[in-house]
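Observations on the model geometry
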Amino acid sequence: MTHEVVRHLLDDYVAGDLTEDARVPVLDHIGVCAICRSEVDDLEKLAVQVAALPRAVEPPVQAWAEIRSVIERDARVERTVSRRSSSRLRAQPYALAAAGLLVALVSSGGTALYLRERAAPSVAVAPPAAATADPAGAATLAAFTIEENNYLREAATLADVLEKQQGVLAPETVAQLKKSLRIIDDAILEARNALARDPGNRTLVEMLSANYRHKVDLLRRTTEMTRSS
Amino acid sequence: MTFAFARAMRYALTLALVFGASTAQAQAKFERRLPLAMDGAFRVHNMVGSVTVRGWARDTVLVRAKLAEGERVHMGGGYKGAKMFVESDDDRHPQPTHLEVWVPSRSKLWVKTATANITVTGVAGGLDLYVVSGNIQVNGSPAELNAEAIDGDVRVTGSPKWLRAKSATGSVSLRGGSTDAALSTVSGPIRIEGGSFERTRAETVSGNITFSGQLDRSGVFDFDSHSGAVDIGIPVKSSASVAIISISGTIANKLTNRSPTAGKFGRGSELNMEVNAGGARLTVRTFKGPVTLRSTD
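One numbering rule holds for all chains: residues counted from 1, following each sequence as written. Written order determines the labels here, with chains lettered from A and ligands numbered from 1. Reporting in this predicted model follows two pLDDT cut-offs: at least 70 for local features of residues, and 80 or more for side-chain atom pairs to be given and counted; totals over whole chains, interfaces and linings ignore these cut-offs and use all residues. No hydrogens and no water enter the side-chain calculation; it runs on all heavy atoms of the structure.

Let us now look at empty space enclosed by the protein. In this analysis, the protein atoms alone were mapped onto a 1 Å grid. Cavities are point sets where a 1.4 Å probe fits without being able to get out; pockets are open sets with protein on both sides within 12 Å along at least five of seven lines; lining residues have an atom within 4 Å of a point. Grid points are joined across faces, edges and corners, and a volume is the space filled by probe spheres set on the points. A complete count under the given rule lists 3 cavities of 30 Å³ or more for this structure. Counted as a void, the largest cavity has a volume near 80 Å³. Around the largest cavity, the lining residues are Met207(A), Ala210(A), Asn211(A), His214(A), Glu203(B), Thr204(B), Asp224(B), Ser225(B), His226(B) and Arg285(B). At 4 residues, helix α10 (residues 202–227) of chain A tops the list of elements feeding residues into the lining of the largest cavity. For this scheme, ten residues count as nonpolar: Ala, Val, Leu, Ile, Met, Phe, Trp, Tyr, Cys and Pro. Four count as charged, namely Asp, Glu, Lys and Arg, and the remainder, Gly too, count as polar. When grouped by side-chain class, the residues that make up the lining of the largest cavity number 2 nonpolar, 5 polar and 3 charged. Helix and strand assignments follow DSSP, with helices taken as H or I runs no shorter than four residues and strands as E runs no shorter than two, numbered in order from the N terminus.

Encoded structure:
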């Protein structure tokens, strides 16, 4: 039995689902093939880790308070950036992009802090006028901030996996992939910037979500295709 | 294809290989037949070259190929399901293998390639087609079609009942009709044209979307593009509830006399209207791409 054939059977081998007729040649091959042996080790470790996972995870008690503080801080930063640079930025597209990036970074950083269950900022932040006047907007942004963080985390994980598999892809494909990711990132930045100006706009939230979905989907599809190709 | 079935296929293939089923060693021409039920499942994996599949009215799979030296074809399986793949001595640099495959017309087909075009004609079962950097062309009306490319084009000519088609930089097109279609790209254009459509969704980041067809009265149509242009052409007599919004782009209504209104904060445009007392739900959203609604009459 060749390496290529055995490779397709390793997950069943680890799960103990192979018939005796198939198990013996697979076992023989694993005995002489370092690659397959290593893959079996990885699969066995993964099976142990999966079995050890809890059935459900409760959110931290302080979750909502921390989300609120992050939202309020984001809104304050966004207003500050917008106020200070509104006239100047019209003539400077690079500065506008940088401001958007800052907003995105502050937001992402804040939500990442929340997810790591670190303490909220100790400085008390007064509720911004916009949030007070538009609770629906704050709620929309709050809900999206959590969703955004999930997308960011998933995209980062997939990008790491893809980085390791990049050698499998043709250079032209890698170039195309990077081009596509740049297009998506530009769209995310643009929509994120607009959302900072109009935090209650559900259409913008849906558009931004769609852009993130495109990114995660592209990374996932590429990862899956390269994994077994 | 279910996990259980995929596992069954692996067993079948393993047994076939263990007991000396077909393995063609470094030969120029390869030809092999396998019995397969008319609604059986067949999987094909070929890294480089091409895969051309045709449906026929026989309960048999026929595979023909011209193999370069160092390339081998493995086939195995049973009457309900079988699979094949091309193996290379040099996994890093496989030689192109051009496969011609005939399958029962109602079979369920799964094809995966890296750099190989996939062409499928006349298969009415389910199709799962994956390619990294090749094109996918489907002719016919499979019950289900899932086609995914990374930087290749996906072209469908026919009327699959259920369609999912994706590419990143490549184009995705459907010429025909569908009761449930979802097409997606990053920057490639999406074109949907032809007959009647029901649930239809097209999503892209920077690609253009072109739709030209009939709206089923109970259909739902969603078209989203961040920065690409969206062009929707429907018959004047269509019955539809139309909701178009562009955050900072323009909307041109060439279907009725209704003018778009300015969006919030004086930017962008919105157009909400009932055409012929409503019916199909048509929604278009762009961030900055222009939207055109026009008549196909």
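Below, the discussion takes up the confidence of the model for chain A. Residues and elements named next belong to chain A. Across chain A, the average pLDDT comes to 71, with 65% of residues at 70 or higher. Mean pLDDT per element in chain A: helix α7 (residues 129–133) is the minimum at 36, and helix α9 (residues 171–197) is the maximum at 90. Within a predicted model, pLDDT stands for the predictor's per-residue confidence, ranging from 0 to 100. When checking whether two residues touch, look at their non-hydrogen atoms; a contact exists if any pair is within 4.5 Å. Scored below 50 in pLDDT, residues 85–133 shows 49 contacts in the model against residues more than four places distant or in partner chains.

Now for the packing of aromatic side chains. Residues and elements named next belong to chain B. Working definition: rings of Phe, Tyr and Trp (its six-membered ring) pair if their centres are within 6.5 Å, and the pair is stacked with planes under 30 degrees apart, edge-to-face with planes over 60 apart, and tilted otherwise. Per the stated rule, a full pass over the model turns up 6 aromatic pairs over all chains. Between Trp56 and Trp102, the ring centres sit 6.2 Å apart and the planes meet at 35°, which makes this aromatic pair tilted. Taken together, the positions of Trp56 in strand β2 (residues 41–56) and Trp102 in strand β6 (residues 97–104) put the pair 46 residues apart, joining distant regions of the chain. Note on classification: 1.4 Å probe, protein chains only; a residue is buried when its accessible area is under 20% of the maximum for its type, exposed when over 50%, partly exposed between these limits. According to the relative accessible area criterion, Trp102 is buried, its value standing at 15%.

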